[in-house]
Structures are given as structure tokens and as C-alpha cells.
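# Tertiary structure, described
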Amino acid sequence: MATKTAAQRREQARSEYDAFIRHCPTNQLLDRISDKWVSLVVAALAAGPMRYSDLGRRIAGVSPKMLTQTLRSLERDGLLTRTVTPSVPVRVDYELTPLGHSLSLLLVAVKDWAESHFDEVHQARERYDADS
């Protein structure tokens, strides 16, 4: 039996990812990126860098606590960068990384789909509820 290098073991593990398995890291990543606030923050930042207060105004209903948690998790995952500019008051800008931009293409498409097809979904719900 031949021994494998660390790089070969990593590649084998990567090829064995299965998002349908609860404890697979890809399942956990899907859980993170399917979060409503993550989707909206990434979609908002797809247009370009924004300050914290601009994001809070752009994303209706997000609490400061939830916005902060979402931004921290996206920064931790390498999807956005946080840039602090010393001034009075301090200026903090958030911007998608190349990895975040690749995700934004998908999430903006989902947001656009929801905006374009909500009437159809609403009618389907009404029909379903009437039949039930």
C-alpha cells in the first residue's frame, strides 16, 4: 500500500465532500450562506464597498447586533474585508473579496428571482390554501 502525501490526502478529502451529510463542512457552509442576512449583505455589497451605516439603511429590518454578527462571520469566512480609516469619526468600509464576489453572482440571482417571481409564488400559495 502506497503512502499518500499530505496534499494527496487533502485532495481526496476535498473530493469526498458531501453537502447532504450533516457534519460535512460543506453542509455547514451551505447553512451559513443560505442565511437571510448573509444573502442580503452579500447582495448589497455586490454593487461595491459600503459603510456599516449604509448597510444598515439598505437592509430593512436588520438589527445592529445581527448586522455586526453577519459581517463578522462573512469576514471570518473570507467573503468580505473590513477596512478602518482613521478619522473623526472612524470610517469603516466593507467590501467583498474575490471569493465573496463569486458568491454574490449566485445570491444576487436568487434575490432577483424572488423579486421577479413573487407574484407567481403568492398566487400558488393562495390556490394551495384555498384547496386545503
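Now for a quick tour of the structure.

Thresholds, definitions, all that
- Residues numbered from 1 in each chain as written.
- Predicted model: local features only at pLDDT ≥ 70, side-chain atom pairs only at ≥ 80, totals over all residues.
- Heavy atoms only, no water.
- Helix = DSSP H or I, 4+ residues; strand = E, 2+ residues; numbered from the N terminus.
- Rg over C-alpha atoms; globule rule 2.2 N^0.38 Å.
- Buried < 20%, exposed > 50% of the residue type's maximum accessible area, 1.4 Å probe, protein only.
- Areas by Shrake-Rupley, 256 points an atom, 1.4 Å probe, with all protein chains shown as cover.
- Lys, Arg positive; Asp, Glu negative; His and termini not counted.
- Charge placed at Lys NZ, Arg CZ, Asp CG, Glu CD.
- Pairing = 2+ DSSP bridges.
- Axes fitted to C-alpha atoms, helices over the stretch in contact; angles between N-to-C directions.
- Parallel < 35°, antiparallel > 145°, perpendicular 65-115°, else oblique.
- Contact = heavy atoms within 4.5 Å.
- Nonpolar A, V, L, I, M, F, W, Y, C, P; charged D, E, K, R; others polar.

## Things to note about the overall build of the protein chain
Across its full length, the protein chain carries 6 helices and 3 strands. Secondary structure elements of the protein chain occur, N-terminal to C-terminal, as α-α-α-β-α-α-β-β-α. Taking 132 residues into account, the globule formula puts the C-alpha radius of gyration at 14 Å, and the protein chain, at 20 Å, lies well above it. For the protein chain, the spread of C-alpha atoms along the three principal axes comes to 60 × 60 × 25 Å. Of all 132 residues assigned to the protein chain, the portion counted as buried reaches 23%. Per element, the accessible surface of the protein chain, about 9800 Å² overall, is 57% carbon and sulfur. Separation of charge centres in the protein chain, based on 18 positive and 17 negative side chains, amounts to 10 Å.

## Looking at the pairing of strand 2 (residues 80–85)
Summarising the sheet, strand 2 and strand 3 (residues 91–96) pair through 6 bridges and their orientation is antiparallel. What sits directly across from Arg82, in strand 3, is Tyr94.

## Remarks on the packing of helix 3 (residues 36–45) against helix 5 (residues 64–76)
Axis separation between helix 3 and helix 5 bottoms out at 10 Å; the angle between their running directions is 75°. As the angle between them shows, helix 3 and helix 5 are arranged roughly perpendicular. Of the residues in helix 5, those in contact with Trp37, Val38, Val41 and Val42 of helix 3 are Met66, Leu67, Thr70, Leu71 and Leu74. Of the residues assigned to the contact of helix 3 with helix 5, the class counts are 8 nonpolar, 1 polar and no charged.

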